[in-house]
Each structure stands twice: as C-alpha cells, then as structure tokens.
Amino acid sequence: MTHVDLPVRALAAEILLAVENGQSLSQCLPPRLAGVAPSERPELQALCYGTCRWFHRLDAELQQRMKKPLRKPDRVVHHLMLVALFQLRHSQHAHYAILNETVEACRALDKPHLTGLVNGVLRAAEREGEPAVSGPAAQYSHPDWMVEKLRHNWPDTWQQILTANNAQAPMTLRVNASQISRDDYLQWLQDAGLEATPTRYAPYGIQLTKPCGVDRLPGFADGAVSVQDEAAQLCTTLLDLAPGQHVLDACAAPGGKTCAILEQCPDLAAVTAIDQSADRLPRVQENLDRLGLYATLKEADAADTSQWWDRTPFDRILADVPCSASGVIRRHPDIKLLRREADITPLAGLQLSILSALWQTLKPGGRLVYATCSVFPQENHRIIQRFLKQQADARLLEPVLSWGIDTGFGRQLLPDAESHDGFFYACLERVDE
Ligand SMILES: C[S@@+](CC[C@H](N)C(=O)[O-])C[C@H]1O[C@@H](n2cnc3c(N)ncnc32)[C@H](O)[C@@H]1O
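Remember, predicted model here, so these are calculated numbers, not experimental data. (Residues numbered from 1 in each chain as written. Predicted model: local features only at pLDDT ≥ 70, side-chain atom pairs only at ≥ 80, totals over all residues. Heavy atoms only, no water.)

## A word on the environment of Ala 232
To keep it simple, the criterion reads: Numbering goes from the N terminus for both helices and strands, where a helix is a DSSP run of H or I of at least four residues and a strand is a run of E of at least two. For each residue, the accessible area found with a 1.4 Å probe, counting protein chains only, is set against the maximum for its type, and the residue is called buried under 20%, exposed over 50%, and partly exposed in between. Any two residues having at least one pair of non-hydrogen atoms within 4.5 Å are treated as being in contact.
You can see Ala 232 is positioned in helix H12 (residues 230–237). Residue class for Ala 232 comes out buried when judged on its relative accessible area of 8%. With 24 residues separating them in the primary sequence, Ala 232 and Gly 256 have C-alpha atoms 8.4 Å apart. Excluding anything up to four places from it in sequence, Ala 232 contacts Lys 257 and Phe 423.

## Some words on the site of the ligand
Counted only if it meets this: We call a residue near a given molecule or strand whenever any one of its heavy atoms falls within 4 Å of it. The definition of a polar contact used here is a pair of N or O atoms within 3.5 Å, where within protein one atom must be able to donate a hydrogen and the other to accept one, and adjacent residues in sequence count solely through side-chain atom pairs. Note on areas: Shrake-Rupley, 1.4 Å probe, and residue coverage restricted to the protein chains presented here. When residues are grouped by polarity, Ala, Val, Leu, Ile, Met, Phe, Trp, Tyr, Cys and Pro land in nonpolar, Asp, Glu, Lys and Arg in charged, and all others, Gly among them, in polar.
Not every one of the 19 residues close to the ligand is listed here, only the nearest: Lys 257, Asp 275, Arg 280, Ala 302 and Asp 320. One nitrogen or oxygen atom from the main chain of Pro 254 is found 3.3 Å from an oxygen atom belonging to the ligand. Contact between the ligand and Arg 280: an oxygen atom at 2.7 Å from a side-chain N or O atom of the residue. Surface burial for the ligand is 87%, taken as the share of its 610 Å² of free accessible area covered by protein chains. Here the shell around the ligand is built from residues that sort into 10 nonpolar, four polar and five charged.

## Digging into the pairing of strand S9 (residues 362–372)
Defined as follows: One requirement defines pairing of two strands: DSSP has to find at least two bridges between them.
When you tally the buried positions in S9, you get eight out of 11 residues, the bulk of the element. Here six bridges tie strand S8 (residues 314–320) to S9, and the two strands are oriented parallel to one another. Looking across to S9, one finds that Asp 320 is bridged to Ala 371. Both S9 and strand S13 (residues 423–430) contribute to a ladder of six bridges, which runs antiparallel.

## Side note on the packing of helix H1 (residues 8–20) against helix H5 (residues 75–90)
In plain terms, the rule: Inter-axis angles, ranging from 0 to 180 degrees, are taken between N-to-C directions of lines fitted to C-alpha atoms, where helices are fitted over the stretch in contact. It is the rotation of the near helix from the far one that decides the hand of a crossing: anticlockwise by less than a right angle makes it left-handed, clockwise makes it right-handed.
Direction vectors running N to C along H1 and H5 enclose 115°, while the axes themselves pass 8 Å from each other. Helix-helix and strand crossings are classified by hand; for H1 and H5 the assignment is right-handed. For the pair formed by H1 and H5, the contact residues are Arg 9, Ala 10, Ala 12, Ala 13, Glu 14, Leu 16, Leu 17 and Glu 20 on the first element and Arg 75, Val 76, His 79, Leu 80, Val 83, Ala 84 and Gln 87 on the second. Here the residues of the contact of H1 with H5 sort into nine nonpolar, two polar and four charged.

## A word on the pattern of salt bridges
For side chains bearing opposite charge, pairing can occur when the charged atoms are close. Put simply, the rule is: Basic side-chain nitrogens of Lys or Arg form a salt bridge, by our definition, when they fall within 4 Å of a carboxyl oxygen of Asp or Glu.
Across all of its chains, the model carries 23 salt bridges by this definition. Ionic pairing is found between Glu 263 and Arg 174, a salt bridge with its closest N-O pair at 2.9 Å. You can see Glu 263 sitting in helix H13 (residues 256–264) and its partner Arg 174 sitting in strand S1 (residues 172–175), a full 89 residues away along the chain. Given a relative accessible area of 2%, Glu 263 falls into the buried group.

## Some words on the side chain of Thr 272
Structurally, Thr 272 can be placed in strand S6 (residues 270–275). The contact partners of Thr 272, leaving out residues within four places of it in the chain, are Val 247, Leu 248, Asp 249, Thr 296, Lys 298 and Phe 314.

## Some thoughts on the packing of aromatic side chains
Put simply, the test is: Here the aromatic set is Phe, Tyr and Trp, taking the six-membered ring for Trp, and pairing holds for ring centres within 6.5 Å; pairs whose planes are under 30 degrees apart are stacked, those over 60 apart are edge-to-face, and all others are tilted.
The full count for this structure, using the stated rule, is eight aromatic pairs. Summarising the aromatic geometry, the rings of Trp 145 and Phe 376 are spaced 6.0 Å apart at their centres and angled 50° between planes, so their arrangement reads as tilted. Of this pair, Trp 145 sits in helix H9 (residues 144–153) while Phe 376 sits in the loop between S9 and helix H17 (381–390), placing them 231 residues apart in sequence. Trp 145 gets classed as buried once you look at its relative accessible area, which sits at 14%.

This is the structure:
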C-alpha cells in the first residue's frame, strides 16, 4: 500500500514513528504533505505538530492504559493511539469519529489484529477522561532530562519556560525597512483586514493577532515583509551596521538574518553568507531573490577558515551557531523527541570552535554577535565566558537594552508564551592592540 492511500491519521502515525527514529518534522513532513490532497494538508500538519507537542503527556497516559507495550513491528499503532489521544484531549473533533477513524486507520496500516486493543484503549480513554499524570515531565510534556536541566538552570522560571514551550507561537513579520516603514505596513495590514501590533523590542517587527498564509500578506511576493520571530530579529539589530562594512553571516541558512542585514543597511560594502549544509544553502538564495538582495554564498564549514576565507577581514560577523534549539520548541515541538542530553556537550564544543575560528577573520575594532536559539547556559553565556578566558583580544560589549536577562556574559531572552522565542546574544569586540 502506498502512503497516498492511507488515511491522514495513519500517515501522521507513520511520521511520528519516523520522528521517534530521529528524523525531524521539517525533513519528513513536506514529502508526505505533497502526497495528500491540499484540503487534507492542514489536518496532517496539525496532527503531527500537536501530537509532538503533547507527546510526553499523551505517552504517559497511554502507558498507564496499556498492560504491556506493543511489539516493535507494531509500534506505529502506538503512535496511531497517541494521535487519537491528542485529538480527544486537545481538539473539537467528535469523539465517536476519532474512535471509528482510528480503528479504520489501524486496518489500513495492515494491523487488523490490533483493532480490538485500539478500540478498547480509546473507549476507556474517552469514558474516563484525562487521568492525573505524575511528575513534571508528563505534566509539562517534556523529556525528563530537559525538565531537570531547565529546573537546574532556571530555578525561578523553569515552569514558565515549559509552559511557554507548549504554547502556540504567534506569526511575526519583519518589515523590509528599505521598502516601507513599520507604521505604513501596519496600515496595509489593517486595510487588508488583518489585525496586528508592533513588536515590543524589535524595531521592524509586527505580530499578527491570528496567523495567516503568506499569500494574504500585502506585498509579500515583492519583498515588503518576511516571516521572522521577534527574538531572531534582535540578532541583526545588535550588529551596529553602517555603510561600507564587510559583513559575514557565518551560519546563514535559510537566510532570514542575511536578508535582515541587507535590508537594514543597503549600502554595506559586501555580505558573505556561509553554511555547511548543501541542502539548506539554496534556501538563502530563494530568500535573497524574493527580496531582490545580493550576497556571496559559500557552502563551507565555518570552523575551517581555509575552506572559505580570502583573508579580507570582516567589520561585522554574525555567528548564529547550530544549537539545541531549546528556545524554539513551541515552533519545533519535535525537538522534545529528537534532542538528547548527550547532544549538548558536543554542541558546546562545536560552538566554541566555530566562534574561535571566526574570530581570526574579524577586523581589529570589529564586532561579532554570537547568537543561539537555546536557553541552556552551557551553549550560551558559558561559551562566552570560556572564549573570553582564552582570547585576550576579545572584549564583551554591553549595549544598553530594555530586554532580556543580563547573564554577565551576554543577554538571554526566555521564550514568552505571548510573543518572542528564547534566544541568547553576546556582542564581542576585537580590541585593536
Ligand atoms: C541556527 S541555524 C541558522 C539560521 C540562520 N542564521 C537564519 O537566520 O536563517 C544554524 C545553521 O548552521 C549551519 N551549520 C552547522 N554547522 C555549521 C558549520 N560548521 N559551519 C557552517 N554552518 C554550519 C546549519 O546548517 C544551520 O543552517
């Protein structure tokens, strides 16, 4: 049976199984979406994202309801029941339809021997309602290690972080400052019947009251706006860009910040954008093309300057390094399933090595902004602390900011359920000796 024949909930179960086996939703969902009717795509997407978001809580409930786990070859049926539990607990879908469709999907997945079990478990779940689950990991629907790490790192705010991670993220836009002012674009939105407010901290940001397709955004195809979270927008505002500068965006794909740099200061001497991923780099070009912008793109390892640096020093460098993405879980709930505690130390090693290599390409007197979408200090202020110890010509700049937590070695924004993602930023200057 090809996946095209499967009901949407069965497809969702297969996708969740792939996520459990290490694939991200952004890898495995698009090809599946392309294979279903356009009218079914929003439902497939909502089932995958919603079930990932509540996975740990739903899984705790399902484990309570099952006498023993399913055999490995039947694991997809476990995910099928999680999808049904997600709908029972978090959707308006009629309960009888959820039960009937799930039993049908179990058959479609070629598991007719499990229809009785599925029916029994879901009937009990419907009749008895959501049970009490024990422990913060199930309660806040996060893996144990993440709860423990957050509790340890943020003893006063860990519950707020976990709650924000489960919220639906707003849709935020960055107005193209070289085309239109934020006030004028707010007026365009109002004329188009779209309610929106300016972001609190990012000067070109607009938050929509309700998300919508980009085709409904006035001037989107002509580059008047881009979709970008407020916290991501703040990275480029810290660069202190000025005409004539040579700028490097070191981990650039898909290019949101490369484009923001060029929009904010159209008279830069040159912008170079590098990324190690051959798959992701073309996205930078697509974004530049839509906005009518130009940058030199290179597929390279930022940590190995011999691959890409022509020895012209940069005035400004943005190092938006690879990280755990623990600050953007509400936009990528699959991170809860994909990330392991053991990933963090190697990531910190990679971050420090990228930062150290980039430093050699920075002009004396130049500025480097180190950023991550992580909330773990190990990837954030501790990297800066370690770097400053080893790099005598590096100085931490402390711009006066109305936002974030001053860690002593950079600023931390924690995710806010109502507005921005979680991000970390440090501004470093290369002292001219
Ligand atoms: C946080 S994302 C960058 C997001 C991007 N700055 C934006 O705003 O659209 C990190 C990027 O680093 C890239 N990357 C990972 N390791 C790298 C390396 N050693 N050198 C260059 N890029 C790397 C990844 O492919 C990924 O695209």
